[in-house]
Amino acid sequence: MSMLEVKNLHVSYGEVKAVKGISLNVKQGQLVSLVGSNGAGKTTILRTISGLIGATQGSITFGGKELLKLGAHQVTRTGLIHVPEGRMLIEDMTVNENLRAGAFCRNDKSAIEEDILEVEERFPILRQRAKQKARTLSGGERQMLAIARAQLARPRLLMLDEPSLGLAPLIVQEMFRTLSELKKSGTTILLVEQNAYGALAIADYAYVLRVGEVVAEDTAKNLLENRDFLDAYLGEQ
Ligand code: ATP
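Quantities reported herein were computed from a predicted structural model and do not represent experimental measurements. (Residues numbered from 1 in each chain as written. Predicted model: local features only at pLDDT ≥ 70, side-chain atom pairs only at ≥ 80, totals over all residues. Heavy atoms only, no water.)

Visitor: So, the layout of surface pockets: which residues are in play, and what are the values?
Guide: The calculated volume of the largest pocket comes to roughly 600 Å³. T76, I81, H82, P84 and F104 are the residues nearest the centre of the largest pocket, which is lined by 23 residues in total. Secondary structure elements with two or more residues in the lining of the largest pocket: α2 (72–77), β6 (80–83) and α6 (139–151). Residue composition of the lining of the largest pocket, grouped by class: 15 nonpolar, five polar and three charged. Taken as a whole, the second largest pocket holds about 270 Å³ of empty space. Forming the boundary of the second largest pocket are 15 residues, of which E118, Q151, R154, P155 and T187 lie nearest the centre. Broken down by element, the lining of the second largest pocket gets its largest block of residues, four residues, from helix α4 (residues 109–122). A breakdown of the residues in the lining of the second largest pocket according to their chemical character gives four nonpolar, six polar and five charged. (1 Å grid on protein atoms, 1.4 Å probe; cavity = no way out; pocket = protein on both sides within 12 Å on 5 of 7 lines; lining within 4 Å. Points joined across faces, edges and corners; volume = space filled by probe spheres on them. Helix = DSSP H or I, 4+ residues; strand = E, 2+ residues; numbered from the N terminus. Nonpolar A, V, L, I, M, F, W, Y, C, P; charged D, E, K, R; others polar.)

Spelled out as structure tokens, the structure:
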């Protein structure tokens, strides 16, 4: 059964129809990727699921609950956590304070401490940088902090918008490896990426988007076998 179900979603910015009747599903434990070139509507879909912008038509259910009626804070409380493009760290707070900010919905203090230890084990650099201000981190460290902070919210579903953006190629590989490990440890993930081949390599299932529509959906394995098709839609990457 689907955990997240988006049906016939339409989203407009004034006259601009950014999302034109998209449907997609994420099942528990899956890593699902949305890939597509610039302007395909990927960010708009995540922002609509998160309650940051409204839809003109359609439905979004999470664990059977309709999300379109909820505001962004209420959506977060359902366990759907969004790591936006640009990472949105609290720049003047330390790494440790940023991690704690991720647990703002929780009051189980000892479990929060355990989770901090766990993410520091997963991302040792964050322990080394614990007292450093977020603004002093490198691009890769910032992305790891954003993913780790989202873990502190104990997400039922983690949505990531372009986590590879602005990272050096080696760090991109490390970031994709981290997401793959998170998935293996049981986190359900909806991943938006322009780096389509990187995202497909770790996904179970994927949707290929083009100017607001789904042009293909399949297991990531099947999509990757059809490279000519992907290149036609995504451009050589
Ligand atoms: P990218 O990978 O370049 O970020 P994307 O697939 O995430 O692209 P969106 O950012 O969702 O695409 O944009 C989809 C369409 O909506 C684009 O045509 C874009 O110009 C338009 N759009 C996005 N945000 C706004 C806005 N605030 N006002 C008007 N149009 C917008």
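Visitor: Please set out the site of the ligand residue by residue, giving values where relevant.
Guide: Around the ligand, the surrounding shell holds 13 residues, and the nearest of these are N38, G41, K42, T43 and T44. At a separation of 2.8 Å, an oxygen atom of the ligand approaches a polar side-chain atom of T43. Within the contact set of the ligand, an oxygen atom lies 3.0 Å away from a side-chain nitrogen or oxygen of Q194. Contact with the protein chains hides 61% of the accessible area of the ligand, taken as 630 Å² for the molecule alone. Taken together, the residues that form the shell around the ligand break down as three nonpolar, seven polar and three charged. (Near = heavy atom within 4 Å. Polar contact = N/O pair within 3.5 Å; in protein donor to acceptor, adjacent residues only side chain to side chain. Areas by Shrake-Rupley, 256 points an atom, 1.4 Å probe, with all protein chains shown as cover.)

Visitor: Quick rundown of the pattern of salt bridges? Include the residues and the values.
Guide: Considering all chains together, one arrives at ten salt bridges under this definition. When the shortest N-O distance is used, the salt bridge between R106 and D108 registers 3.1 Å. Taking the shortest distance from any N to any O, the salt bridge between D204 and K183 comes out at 3.0 Å. Remark: K183 occurs in helix α7 (residues 169–184) and D204 occurs in the loop between α8 (196–202) and β9 (205–210); sequence separation between them is 21 residues. Through salt bridges with shared partners, one network takes in R106, D108, D115 and R154. (Salt bridge = Lys/Arg side-chain N within 4 Å of Asp/Glu carboxyl O.)

Visitor: Tell me about the pairing of strand β7 (residues 157–161), and please be specific about residues and values.
Guide: The buried fraction of β7 is high, at five of five residues. Across the two faces of β7 the burial is the same, with L157, M159 and D161 and L158 and L160 all buried. As paired strands, β6 and β7 are joined by four bridges and run parallel to one another. Opposite V83, over in β7, you have L160 as the bridge partner. Bridge count between β7 and strand β8 (residues 188–193): five bridges; the pairing is parallel. (Buried < 20%, exposed > 50% of the residue type's maximum accessible area, 1.4 Å probe, protein only. Pairing = 2+ DSSP bridges.)

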